Amino acid sequence: MKELMLGNNAVARGLYEAGLSIASSYPGTPSTEITEVIATYDEVYSEWAPNEKVAMEVALGASIAGRRSFCGMKHVGLNVAADPLFTASYTGVNAGMVIAVADDPGMHSSQNEQDSRHYAIAAKLPMLEPSDSSECYAMAKYAFELSEEFDAPVLLRVCTRVAHSQSVVETGEREVPPIVPYEKNIAKYVMMPGNAKRRHPIVEERTRKLVALAEASSLNRVEWGGTKVGIIASGTAYQYVKEVCGDDVSVLKLGIVNPLPEKLIRGFASKVEKLIVVEELDPIIETHVRALGIAVTGKELFPLDDEFTQRLIARKLAYPVPDGKAIEENVPARPPVMCAGCPHRGMFYTLVKNGATVLGDIGCYTLGAAAPLFAMDTTICMGASVSGLHGFNHAPGNEKAAKAVAVIGDSTFMHSGVTGLINIAYNGGASTVIILDNSITGMTGHQQNPTTGLNIKGDPAGKIDLEALCRAVGIGRVRVVDPYDLAASELAVREELAANEPSVIISRRPCALLKTVKHKKPLSIDAEKCVSCKACMKIGCPAISIDDGKITIDATLCVGCGVCTQLCKFGAVYGEDKA
Amino acid sequence: MKTKNVMIVGVGGQGSLLASRLLGRLLIDEGFDVKVSEVHGMSQRGGSVVTYVRFGDKVYSPLIDEGEAGYIVSFELLEAARWLKYLAPGGKIVTNTQRISPMPVITGAMSYPADLAAKLAALGADIDAFDALSAAEAAGSAKAVNIALMGRLSRYFEFPDDAWERALEAVVPAKFLELNKRAFTVGKQT
């Protein structure tokens, strides 16, 4: 059946049809939907793991047990899973194992723009890169065969514009291969030095065989056109090149991006007058071509940063570009904001009011760094708030340490905050960690996590008790506050900052967007009492605005959280209780 | 057939994803090659969001670039202005007249530009500005504003009503189907 399908959905469909039996992932834009769609297939065991390292180890374990397995993650998630990745390359697999990694050129929803192809090279693993949904589907399916044929986990790289674009896919039926019996094989699966030493040459030999595959595979194909210019491209860059150049140029389209072929490239280069590599992010194909001693144009023409577009390709290759008319007036920017009723807002307001230095983390609450609260000092990676705070506070002579806190979401805390907290409990100090517990993984679109009590299918599951966990690792002072209650939040922050021992504040209130959360009636402004002092506007609530000097609350956005009510000294914000 | 481009722009949370999926479904049913590019994650949190729908005999790039959009469907007036430079010469803008203040306006740092529809028209844009929010409310729910806008857009395509209806049935959950069918009709007819 022909369907319009998101790249991520197509990956899930391909894996499913190839007999995927077990999937473990951690959500991360733009990879999340792959595993969400897998979770809709009842024949597949699927789960959200606490982090990508765990997910990859689960997938490897399942592969060793003899079933086709999968883990998916965003590019920075592969950093977390890098440890098992490199050694899984040595052990190889039993049943096929596929690892999807989603890069985010242009950083639509990421903290850096790293290029995952480096991992394939460094870990010496095959990597496939689809350029639309139909290739996502076909390559996901093929990846299992490849994995089993070459005894290696296979990396499937998608980028945002493939993962989150829909195009036509023709689907088929699911076929499940029989379980591959597990046989004890210490030399293959126990990677102590003596065994690993014998595995490494096998890995190198595998790469040689994979190069031979890359020379002949239909995934690497030449589309002949004009021969004045020959372009090597993969992924979305291929689509942009075809869009702009059509048949003016010849294109070597690479579907296997690691390892790269040699003879195929030499043959292609010899038949075109000028060779150009068009690749987003790092010059990986280009460096390979140069190492072959072939003259090539690459990054001297195309940027190392940001995602490409057809306009960029057209400009660089001297094709005409259409121009639109822009409005001359300065159009106010519309940055993403914390939602009306977001429970994080009250805590951020409290931290700003008390002059705290805030080491932040990855999640919706990173938006606390935006205007008008500017309530964050650092954001690095998952978990870095907690461990970073420990270092910040132990830096000799740091006067800011007295008022420094870490803020981290519930899911991020489970992912890699808890190890930082163990470090604080173990090595001491007086750090205050605030867990912003909104009872869901918010930014990636409401996935369950170990603290929510529900699994990936929404069924009841084990529930990690955050208070008990923090106490169990050795934190003596653990308290819970409702961030809608500004007085209680302020008291908690002041007392825990003053305490001469490590402490945890759990700022608990479910995400206002959760369907299970009941909203109160929207609030209103009493125009007779309001003096337009703008105290209510300090919190950056999108429901509150000022027009012609008059404060108004947008009833379609307001969920009646009452944080602004507590800021009004004139009693001008009222709810349904107004007489 | 040369690839045609429809941009759907709005504010995160307004339902532009469903609108693009409706259009994508219709176009694939009509036998076109189709690509729809969406944005998920961070920018959905009340930020400016844009979705690209492209169709033709063979579509390569999933993106629409400056000066390429034959149609811009805007869920909010300021967003129509923001993305104007993506409109192709002679292109059509179908926009909701609803105004949603962005953070710089909310905080009073900037003001919401006045008379935007007239300004866009003055720049040569063929603009159809209408109150899609009221149309959606008349149909039963403000949330159906996305489908009301698609109903309006349908005026400018030659696809039969029953093709749109089949696409609606394919992409809208059953319990909201009647509401969205009404919103589509009201959007088309007002």
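Refer to the preceding data block for the structure.
Please read these numbers as outputs of a predicted model, since none were measured by experiment.

Participant: Would you explain the interface of chain A and chain B in this entry?
Facilitator: The parts lose accessible area when they come together, and the size of an interface is often stated as this lost area. Listed by partner, the interface residues are 54 residues for chain A and 56 residues for chain B. Between E79 of chain B and R334 of chain A there is a salt bridge, with the nearest N and O atoms lying 2.5 Å from each other. Mapped by element, the contributors of at least two residues to the side of chain A that touches chain B are β1 (2-6), β8 (165-170), α11 (235-245), α14 (310-316) and β20 (544-547) of chain A. Per-element accounting of the side of chain A that touches chain B gives the leading share, five residues, to α11 of chain A. Residue classes in the side of chain A that touches chain B are distributed as 27 nonpolar, 16 polar and 11 charged. Note: β8 of chain A against strand β2 (residues 33-37) of chain B, three bridges, orientation antiparallel.

Participant: Hey, could you run me through the packing of aromatic side chains in this one?
Facilitator: In this description, a pair of aromatic rings is defined by centroid distance and the angle of the planes. A complete count under the given rule lists 12 aromatic pairs over all chains for this structure. On the basis of an interplanar angle of 65° and a centroid distance of 5.3 Å, the ring pair of W83 of chain B and Y86 of chain B is categorised as edge-to-face. Each member of the pair, W83 of chain B as well as Y86 of chain B, is classed as buried. Within the aromatic cluster, the residues linked to one another by ring pairs are F32, F55, Y71, F157 and F159 of chain B. Lying across the ring of Y238 of chain A, K253 of chain A places its NZ or CZ 5.5 Å from the centre. Sitting above the plane of the Y60 of chain B ring, K58 of chain B keeps its charged end 5.3 Å from the centroid.

Participant: Which parts of the structure should I look at to understand the side chain of Q14 of chain B?
Facilitator: Residues and elements named next belong to chain B. Looking at the secondary structure, you find Q14 in the loop between β1 (4-11) and α1 (16-29). On the basis of relative accessibility, which here comes to 12%, the residue Q14 falls in the buried class. Only 2.8 Å separates the side chain of Q14 from the backbone nitrogen of V11, close enough to count as a polar contact. A polar contact is formed between the side chain of Q14 and the backbone oxygen of F75, at a distance of 3.3 Å. The contacts of Q14, once residues within four sequence positions are left out, are F75, E76, Q98, I100, V145 and N146.

Participant: Could you clarify how one ought to interpret the sheet that holds strand β3 (residues 48-56) of chain B in this entry?
Facilitator: Note: strands within a sheet are paired through backbone hydrogen bonds, in either parallel or antiparallel orientation. Read from one edge to the other, the open sheet built from eight strands follows the order β1(A)-β8(A)-β2(B)-β3(B)-β1(B)-β4(B)-β5(B)-β6(B), with strand pairing classed as mixed. Strands at the two margins of the open sheet, each flanked by one partner only, are β1 of chain A together with β6 (126-130) of chain B. If you compare each strand with its neighbour and ignore which way they point, the axes differ by 20° on average. By the bridge criterion, four bridges tie β1 of chain B to strand β4 (residues 69-74) of chain B in an arrangement that is parallel. Note on β4 of chain B: the bridge partner recorded for M7 of chain B is I72 of chain B. Sheet contacts for helix α7 (residues 133-150) of chain A: β1 and β8 of chain A; angle to β8 of chain A, the most-contacted strand, approximately 55°. Along the sheet, α1 of chain B makes contact with β1 and β8 of chain A together with β1, β2 and β3 of chain B, crossing β3 of chain B at roughly 0°.

Participant: Any chance you could explain the sheet that holds strand β13 (residues 274-278) of chain A here in plain terms?
Facilitator: Residues and elements named next belong to chain A. Spatial ordering of the open sheet is given by β9-β11-β10-β13, a layout of four strands whose pairing is mixed. Edge positions in the open sheet fall to β9 (220-223) and β13, since each of these has one partner strand only. Shown here is a sheet whose adjacent strand axes are inclined to one another by a mean of 15°, direction ignored. Pairing of strand β10 (residues 229-233) with strand β11 (residues 250-254), which is carried by four bridges, proceeds in the parallel orientation. Bridge assignment links I232 to a residue of β11, and that residue is L252. Of the strands in this sheet, β9, β10, β11 and β13 are in contact with helix α12 (residues 263-270), which crosses β11 at around 170°. Contacting β10, β11 and β13, helix α13 (residues 284-291) runs over the sheet at an angle of about 145° to β13.

Participant: Got a minute to help me understand a nonpolar patch on the surface in this structure?
Facilitator: Residue and element names in this part refer to chain A. A grouping of I186, V190 and M192 is seen on the molecular surface, where their side chains present a nonpolar patch of about 250 Å² in accessible area. In this structure, M192 sits in the loop between α9 (186-189) and α10 (193-216). The partly exposed category is assigned to M192, whose relative accessible area is 47%.

Participant: What should I look at first to understand the environment of A88 of chain B in this one?
Facilitator: Within the fold, A88 of chain B resides in strand β5 (residues 87-96). Beyond its immediate stretch of four places on either side in the chain, A88 of chain B contacts G67, E68, A69 and G70 of chain B.

What counts and what doesn't
Residue numbering note: each chain is counted from 1, following its sequence as written. Chain A is the first chain written and ligand 1 is the first ligand written, with later ones labelled in order. Per-residue local features are limited, in this predicted model, to residues with pLDDT of at least 70; the limit for side-chain atom pairs, both in listing and counting, is 80 or more; totals at the level of whole chains, interfaces and linings are taken over all residues. Based on all heavy atoms of the structure, the side-chain values leave hydrogens and waters out of the count. Any two residues whose heavy atoms approach within 4.5 Å at even a single point are treated as in contact. Here, a salt bridge means any Lys or Arg side-chain nitrogen found within 4 Å of an Asp or Glu carboxyl oxygen. Numbering goes from the N terminus for both helices and strands, where a helix is a DSSP run of H or I of at least four residues and a strand is a run of E of at least two. Following the grouping adopted for this structure description, the nonpolar residues are Ala, Val, Leu, Ile, Met, Phe, Trp, Tyr, Cys and Pro, the charged ones are Asp, Glu, Lys and Arg, and the polar ones are all others, Gly among them. When DSSP finds two or more bridges between a pair of strands, those strands are recorded as paired. Ring pairs are drawn from Phe, Tyr and Trp, using the six-membered ring of Trp, whenever the two centres fall within 6.5 Å, and their geometry is named by plane angle: stacked under 30 degrees, edge-to-face over 60, tilted for the rest. Only protein chains enter the accessibility calculation, which uses a 1.4 Å probe; a residue is then buried when its area is under 20% of its type maximum, exposed when over 50%, and partly exposed in between. By definition here, charges over rings are those cases where NZ of Lys or CZ of Arg is within 6 Å of the ring centre and within 35 degrees of the ring normal. Pairs of N or O atoms are called polar contacts if they sit within 3.5 Å, as long as, within protein, a hydrogen donor faces a hydrogen acceptor (for residues adjacent in sequence, only side-chain-to-side-chain pairs). To obtain an axis, a line is fitted to C-alpha atoms, over the contacting stretch when the element is a helix, and the angle between two such axes runs from 0 to 180 degrees between their N-to-C directions. To count toward a patch, a residue needs a relative accessible area over 30% and no salt bridge; like charges are then connected within 9 Å, while nonpolar side chains (Val, Leu, Ile, Met, Phe, Trp, Tyr) are connected within 5 Å. Each accessible area value is a Shrake-Rupley result obtained with a 1.4 Å probe; residue values ignore everything except the protein chains displayed when judging cover.

Distances and angles like these do not, on their own, reveal function.
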